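Breakdown of the fold
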Amino acid sequence: MELATKSKITWCPGCPNSAILVAYRKAVTELITEGKFKLEELVSSAGIGCHGKITDYVNTNTFEALHGRVISSATGIKLGNPKLEVVVFTGDGDSFSEGFSHLGHAAKRNVGITVFLHNNQTFALTTGQATFLSPTGFKGPSTPGGDTDEPISPLLIMLALGATFVARTYALDIEGTKRIMKDAMNHKGFAFVEIIQPCITFFDTRDHYKDTIEWLPKDFPRTDLVAAIAKVREVSEKTPVGIFYQTQKPTFEELV
Ligand SMILES: Cc1ncc(C[n+]2csc(CCOP(=O)(O)OP(=O)(O)O)c2C)c(N)n1
Ligand code: SF4
């Protein structure tokens, strides 16, 4: 199956977004082979930012929304035709700074879409300003003296809002990311995956993550909300990745 397109890839050479693209193409190829959906039933949508270019590089149905509006567009696509497999690629600027209300509603309502957050902790396309998810002390054009905000985990927010699938992976672990992407797309209901995606031009965190990423143990109790919240709040030198939480609830499209 040819999921590549003829578009020239314009990400910075070595940008981990390319690894996310490879993982996604593999996940889609395997899911189609396994009969989960047909290629024509898949919609890959994105917001505006470096992450959003991914829609140019996958030969599926695509939709690129206004900045901060991809979740509401994807919700509309799913409501219009619930048989479609709707995937969202978004940035921390796109969905945590600009479009937070839409993201919150989709999680709370259990809209049956899969959201992949390219978390590079910065507005990369506009040259590295601080977002809602930037760490304390983050320096960029909008915070030259260092961001004074306390950091917050996007996973904690998603768990609090009632998301029914909450996971994290690391972009440069392509096999691991592919596996999590497949689990998320196989989930019925709102699936949220934080993909840690270093921006090698404006906020290069590769050195930090190469030694700290740690997969959750196989026996992690992923149906236990309290355990998931405790894990994402844990203060540790390690960065846990894997599926933190999964449950079943009626979806928004079923209820509507
Ligand atoms: C409504 C609106 N506000 C602001 C912008 C300018 N803008 C374009 S891309 C971008 C940053 C995107 O950052 P993020 O979503 O984190 O994606 P990344 O580039 O990091 O992948 C901004 C602020 C815009 N295009 N539209
Ligand atoms: S600016 Fe950062 S996120 Fe954007 S393409 Fe370059 S390395 Fe990737």
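Residues numbered from 1 in each chain as written. Chains lettered and ligands numbered in written order. Predicted model: local features only at pLDDT ≥ 70, side-chain atom pairs only at ≥ 80, totals over all residues.

What follows deals with the confidence of the model for the protein chain. Caution applies to low-pLDDT regions: their predicted coordinates should not be interpreted in detail. Summarising the model, the protein chain shows a mean pLDDT of 97, and 100% of its residues fall at 70 or more. Across the protein chain, the secondary-structure element scoring lowest on mean pLDDT is helix α7 (residues 206-212), at 96, and the one scoring highest is strand β8 (residues 191-196), at 99. (pLDDT = per-residue confidence, 0-100. Helix = DSSP H or I, 4+ residues; strand = E, 2+ residues; numbered from the N terminus.)

Around ligand 1 lies a shell of 20 residues, among which G49, G91, G93, D94 and A124 are the nearest. Of all elements in the fold, only α3 (92-98) and β5 (122-123) reach the threshold of two or more residues within the shell around ligand 1. For the shell around ligand 1, the class distribution of residues is six nonpolar, twelve polar and two charged. (Near = placed C-beta within 6 Å. Nonpolar A, V, L, I, M, F, W, Y, C, P; charged D, E, K, R; others polar.)

Strand order across the open sheet formed by eight strands is β2-β1-β3-β4-β8-β7-β10-β9, with mixed pairing between neighbours. Only two strands of the sheet have a single partner each, and these edge strands are β2 (61-64) and β9 (213-215). In this sheet, neighbouring strand axes are inclined to one another by 20 degrees on average, regardless of whether the strands run parallel or antiparallel. The strands touched by helix α6 (residues 174-186) are β3 (85-91), β4 (114-119), β7 (165-170), β8 and β10 (239-246); relative to β7, the strand with the most contacts, the crossing angle is about 165 degrees. (Pairing = 2+ DSSP bridges. Axes fitted to C-alpha atoms, helices over the stretch in contact; angles between N-to-C directions. Contact = placed C-beta atoms within 7 Å.)

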